[in-house]
Amino acid sequence: MKLSPIDQSEVRRGVAALKQGLLVAFPTETVYGLGADAANAEALKRLYEVKGRPPSHPVIVHLSSIEQLDSWASAVPEPAFRLAEKFWPGPLTLILAKAPHVLLQVTGGQASVGLRIPDHPLALALIQEFGGGVAAPSANRFGRLSATCASDVAADLGCDVAVILDGGPCEVGIESTIVDFASGSPQILRPGMILPEQIESVIGKLQRKVPVNASPALESQTGQPQARHPGGLPSHYAPATPLMLVPSQFLESEVAELLHSGKRLCLLSFEKVTLSEIVWLQAVREPLAYARSLYQNLRFLDLQKADLIIVESVPEQAGWTGIADRLARAAIK
Ligand code: TXA
Ligand code: MG
């Protein structure tokens with residue numbers, strides 16, 4: 001896609017900043033990323049500091065072409081390559097055995113590396129013109145809600161970032177699906193909007209799927225320390241206001257009870273709760289649209305100074321698994 005002259009000059013600014021070891025926030029189709037030169041140990045140190053992320057937590061390296069796979073992974077199993085061909089550029093991250101040069105600062109000390117080609121013209125232009133891999137976690141402080149527009153990045157990380165590329169709101173809205181090929185048979189480490197069924201249609205039956213709401217099980221399933229998978233931590237992707245997930249059939253009664261006990265509430269639900277005079281956002285019944293607005297909605301509700309954000313549980317159906325996963329992790333335990 002041809003970029004406007006303004007975007008081209010912004011990308012050039014971004015590339016120059018990356019080359020100087022500075023941090024550049026950029027749009028992807030999932031969420032905004034906080035980028036650093038994946039081959040620059042000093043830049044990575046700064047990335048972890050700004051993000052507030054413990055050094056043992058790995059970051060994804062973003063590439064711009066599938067040919068780069070071989071220089072970042074020491075082995076690319078054939079099914080992994082087929083997934084890359086099918087879904088890249090797109091909201092999929094592959095965990096593969098790392099190539100020898102890949103810095104341990106990127107991988108959190110692990111022998112594997114997460115790789116992805118994002119589907120956004122500004123991201124692709126930035127990575128391509130930079131020429132190397134761009135290490136990028138989501139552009140939010142550790143454990144908080146991801147940012148899906150440039151103004152949210154500026155609000156969260158503003159002065160710590162050299163350049164923020166503004167590519168408008170993110171299309172997908174939640175983070176990529178992660179498929180691990182580095183610890184035996186392939187498995188989904190983080191569900192996203194590329195669904196297990198879509199993965200299986202390319203590589204055959206997956207051995208195990210990480211069940212929704214099962215973050216504590218992740219460690220025993222993967223055999224990895226849980227802390228190495230921030231998305232696997234029980235409290236993650238969370239607003240500052242406590243969030244409670246309530247199944248549809250209990251919504252009316254739960255809201256009534258909480259209001260009665262004097263709690264200030266705000267609500268994201270499919271139907272309006274009768275009688276309640278509370279800030280309400282209507283949730284859409286279509287998963288792609290729900291995901292696209294999820295973090296925007298939660299950020300808005302977080303600003304309402306309520307005691308509690310109530311979110312109606314989403315359907316237990318294919319299409320909703322990535323959303324259900326993020327809501328479960330955002331919820332109070
Ligand atoms: O959609 C996305 O994936 C966004 C955009 C910016 O690309 N990125 C993102 O990054 O969500 P982050 O760092 O917030 O989450 C990446 C997840 C973390 O849970 C991390 O532990 C996991 O990927 N990860 C990265 N490298 C890994 C590895 N080598 N082994 C296991 N998990 C890994
Ligand atoms: Mg994140």
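One can find the structure itself at the top, above this paragraph.
Residues numbered from 1 in each chain as written. Chains lettered and ligands numbered in written order. Predicted model: local features only at pLDDT ≥ 70, side-chain atom pairs only at ≥ 80, totals over all residues. Heavy atoms only, no water.

Draft legend 1. Region of the structure containing the environment of Q187. On the secondary structure map, Q187 appears in strand β9 (residues 187–190). Separated by 58 residues in sequence, Q187 and L245 place their C-alpha atoms 27 Å apart. (Helix = DSSP H or I, 4+ residues; strand = E, 2+ residues; numbered from the N terminus.)

Draft legend 2. Spatial organisation of the packing of helix α1 (residues 5–19) against helix α6 (residues 121–130). Following both chains from N to C, one finds α1 and α6 inclined at 45°, their axes separated by 9 Å at the closest point. Taken together, the axes of α1 and α6 lie oblique to each other. At the point where α1 passes α6, the crossing takes the right-handed sense. Here D7, V11, R12, G14, V15, L18 and K19 of α1 lie close against α6, whose contacting residues are L122, A125, L126, E129 and F130. Counted by class, the contact of α1 with α6 contains 7 nonpolar, 1 polar and 4 charged residues. (Axes fitted to C-alpha atoms, helices over the stretch in contact; angles between N-to-C directions. Parallel < 35°, antiparallel > 145°, perpendicular 65-115°, else oblique. Left-handed = near helix turned anticlockwise from the far one by under 90°. Contact = heavy atoms within 4.5 Å. Nonpolar A, V, L, I, M, F, W, Y, C, P; charged D, E, K, R; others polar.)

Draft legend 3. Structural detail: the nonpolar core. Judged by nonpolar contacts, the single largest core of 48 residues is most densely connected at L83, L92, L94, L115 and I199. Of all elements in the fold, only β2 (33–37), α2 (41–51), α3 (69–72), α4 (78–87), β4 (92–97), β5 (112–116), α7 (150–157) and α8 (196–203) reach the threshold of two or more residues within this core. Per element, the largest residue contribution to this core is 5 residues, and it comes from α2. Residue contacts for L83: discarding those within four places in its chain leaves W88, L92, L94, V179, F181, I199, V202 and I203. In this structure, C266, F270, L301 and I323 belong to the second largest nonpolar core, which totals 28 residues. (Core = buried A, V, L, I, M, F, W, Y, C linked by side-chain atoms within 4.5 Å. Buried < 20%, exposed > 50% of the residue type's maximum accessible area, 1.4 Å probe, protein only.)

Draft legend 4. Region of interest: the side chain of T107. Positionally, T107 belongs in helix α5 (residues 104–107). Setting aside anything within four residues of it in sequence, one finds T107 in contact with P58, K98, V102, S112 and V113.

Draft legend 5. View of the pairing of strand β8 (residues 177–180). The side-chain alternation of β8 yields two buried faces, one formed by T177 and V179 and the other by I178 and D180. Across 4 bridges, β4 lies against β8 in parallel orientation. In the strand pairing of β8, T93 is matched with I178. Note that β8 and β9 share 3 bridges and pair antiparallel. The residue of β9 that forms the bridge with D180 is Q187. Turn length for the β8-β9 hairpin, with the two strands adjacent in sequence and antiparallel, is 6 residues, and the turn residue G184 shows positive phi of about 90°. (Pairing = 2+ DSSP bridges.)

Draft legend 6. Structural detail: the packing of aromatic side chains. Evaluated as defined, the whole model comprises 3 aromatic pairs. With 6.0 Å between their ring centres and 40° between their planes, F270 and Y290 make a pair best called tilted. Of this pair, F270 sits in the loop between β11 (265–269) and β12 (279–282) while Y290 is found in helix α11 (residues 287–302), placing the two residues 20 residues apart along the sequence. Judged by relative accessible area, Y290 falls into the buried class, the value being 2%. (Phe/Tyr/Trp six-rings, centres within 6.5 Å; stacked < 30°, edge-to-face > 60°.)

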